[in-house]
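Each chain, written out:
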Amino acid sequence: MLHTPPPRFLTPNAEHRTPDYLPLALSLDEVLSQVEFSPPTRILFGGEGIGAISSYVAGWMASRRIDVIVLDGANRFDPYAVSSFARKECLSPEGLLKSIRIARAFTCYQMATLMGEKLQNAIGRAQKPWVILLGPITTFLDEDIPEREVRPLFERALRGVEFLAEKGIPFFLFQAMLPSRSKRSYLTKRLFQFSHLVLRIGLGDEGPRVTLEKGPTGFEIPDSGLRIVNHGEQAEH
């Protein structure tokens, strides 16, 4: 069942980077200002602090009266990040939290079911929601699950997402990346391939910063004079 979690309190850390190399690093708010106007159907945020940052993004969505569904496979959804965003925007934390529906999965079988038929049923009762997948591969890392089951189950889950994305439902995927030596690092590679836009998150002292790892050339930030660029292009300031 999808439900709204009770609020608790934890302030997310974040990162500030101003590299003089490509790709251009931008703040999280700058990136969100772009996707508000033309959200990619499958956008992946990988890197650090995905729990707090995905929760902040859920609050940002709710503040724009977007119907938000969170599928949490990492057990990292942080209601206080929503509350923190609400206070920054002078909004009611309780009001934002009530507009976010969340379902948690503790096994890869549950996660595959959530990303498939249960999500389709939930979306059937909503008005074009935006979906956050928090830790879409996390439950698939359980070493007790036989390797022969992992890949087909994960592909089944992705097919459920793809089916809804083709109907215009935006998906925001947040995943802590695996070390390349992990025997299931192929799941990260598959998620990268599956996503239309991939942004890497770094954390520091002054706010989350993101850099483009995959996406359309000329991903523009409205009214800022900035573009996220691929390697080999020049960044406009």
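A.B. asks: Teacher, can you tell me more about the pattern of salt bridges here?
C.D. replies: Charged atoms that come close allow side chains of opposite charge to pair. Scanning the entire structure with this criterion turns up six salt bridges. Two residues, R156 and E117, come together in a salt bridge whose shortest N-O distance is 3.9 Å. Separated by 39 residues along the polypeptide, R156 in helix α6 (residues 147-165) and E117 in helix α5 (residues 108-123) bring together distant segments of the chain. When its relative accessible area of 41% is taken as the criterion, E117 is described as partly exposed. Across the pair E213 and R200 runs a salt bridge, and its minimum N-O distance is 2.6 Å. Of this pair, E213 sits in strand β8 (residues 209-214) while R200 sits in strand β7 (residues 197-202), placing them 13 residues apart in sequence.

A.B. asks: I'm lost on the pairing of strand β5 (residues 130-134) in this one. Help?
C.D. replies: For β5, the buried fraction is high: five of the five residues fall into the buried class. Burial along β5 is two-sided: the face carrying W130, I132 and L134 and the face carrying V131 and L133 are both buried. Pairing between β5 and strand β6 (residues 171-175): four bridges, direction parallel. Looking across to β6, one finds that V131 is bridged to F171. Handedness of the β-α-β unit built from β5, α6 and β6 comes out right-handed.

A.B. asks: Looking at this model, I keep getting lost on the pairing of strand β2 (residues 42-47). Mind explaining?
C.D. replies: Note on strand geometry: in a regular strand, side chains alternate between the two faces of the sheet. Summarising burial for β2: six of the six residues are buried, a large majority. Where burial is concerned, the two faces of β2 agree: the one with R42, L44 and G46 and the one with I43, F45 and G47 are both buried. Judged from the five bridges that link them, β2 and β6 form a sheet pairing that is parallel. Considered in β6, the bridge of L44 is made with L173. Pairing between β2 and β7: five bridges, direction parallel.

A.B. asks: What is the right way to read unusual backbone geometry from this model?
C.D. replies: The phi torsion at N75 lies on the positive side, around 55°, for a residue other than glycine. Position of N75 relative to the elements: it lies in the loop between β3 (68-72) and α3 (79-88). Look at C90: it is not a glycine, yet its phi comes out positive at around 60°.

A.B. asks: Looking at this model, I keep getting lost on the confidence of the model for the protein. Mind explaining?
C.D. replies: Note that predicted coordinates carrying low pLDDT should not be read in detail. A residue-level look at the protein finds 78% of positions with pLDDT of 70 or above and a mean pLDDT of 78. In this model residues 1-24 is a low-confidence stretch, pLDDT under 50, and it forms 78 contacts with partners more than four residues away in sequence or in other chains. Note on residues 220-237: pLDDT under 50 across the span, and 53 contacts to partners over four residues away in sequence or across chains.

A.B. asks: Before we go on, may I ask you to explain the packing of aromatic side chains in this structure?
C.D. replies: When we look at a pair of aromatic rings, we describe it by the centre distance and by the angle of the planes. Within the structure shown, the criterion is met by five aromatic pairs. Taking the centre distance of 5.1 Å and the plane angle of 85° together, the rings of Y56 and F85 count as edge-to-face. In this pair, Y56 is assigned in helix α2 (residues 50-63) and F85 in helix α3, connecting sequence segments 29 residues apart. Both residues of the pair, Y56 and F85, belong to the buried class. Look at W130 and F172: their rings are 5.5 Å apart centre to centre, the planes differ by 20°, and that puts the pair in the stacked class. Of this pair, W130 sits in strand β5 while F172 sits in strand β6; the two residues are 42 residues apart in sequence, bridging distant segments of the chain. According to the relative accessible area criterion, W130 is buried, its value standing at 10%. Ring-pair connections join several aromatic residues into one group, and the members of that group are W60, W130 and F172. Just above the ring of F194 sits the side chain of R42; from NZ or CZ to the centre is 4.2 Å.

About the criteria used
Sequence order sets the numbering: in each chain, residues are counted from 1 along the sequence as written. Local features in this predicted model are restricted to residues of pLDDT 70 or higher, and side-chain atom pairs are both shown and tallied only at a pLDDT of 80 or more, whereas totals for entire chains, interfaces and linings draw on every residue. Hydrogens and water are ignored here; the side-chain numbers use all heavy atoms of the structure. By definition, a salt bridge exists where a carboxyl oxygen of Asp or Glu is found within 4 Å of a side-chain nitrogen of Lys or Arg. Helix and strand labels come from DSSP, where a helix needs a run of H or I of at least four residues and a strand needs a run of E of at least two; each type is numbered from the N terminus. Burial classes follow relative accessibility: with a 1.4 Å probe on protein chains only, a residue under 20% of its type's maximum area counts as buried, one over 50% as exposed, and anything between as partly exposed. Should DSSP find at least two bridges between two strands, the strands are regarded as paired. Clockwise travel from the first strand over the helix to the second, with the strands pointing away from the viewer, marks a crossover as right-handed. Known as pLDDT, the predictor's per-residue confidence is scaled from 0 to 100. The contact criterion used throughout is that any non-hydrogen atoms of two residues lie within 4.5 Å. Pairing of aromatic rings covers Phe, Tyr and the six-membered ring of Trp, with a centre-to-centre limit of 6.5 Å; geometry is then stacked below 30 degrees between planes, edge-to-face above 60, and tilted otherwise. To sit over a ring, a charge needs its Lys NZ or Arg CZ within 6 Å of the ring centre and within 35 degrees of the ring normal.

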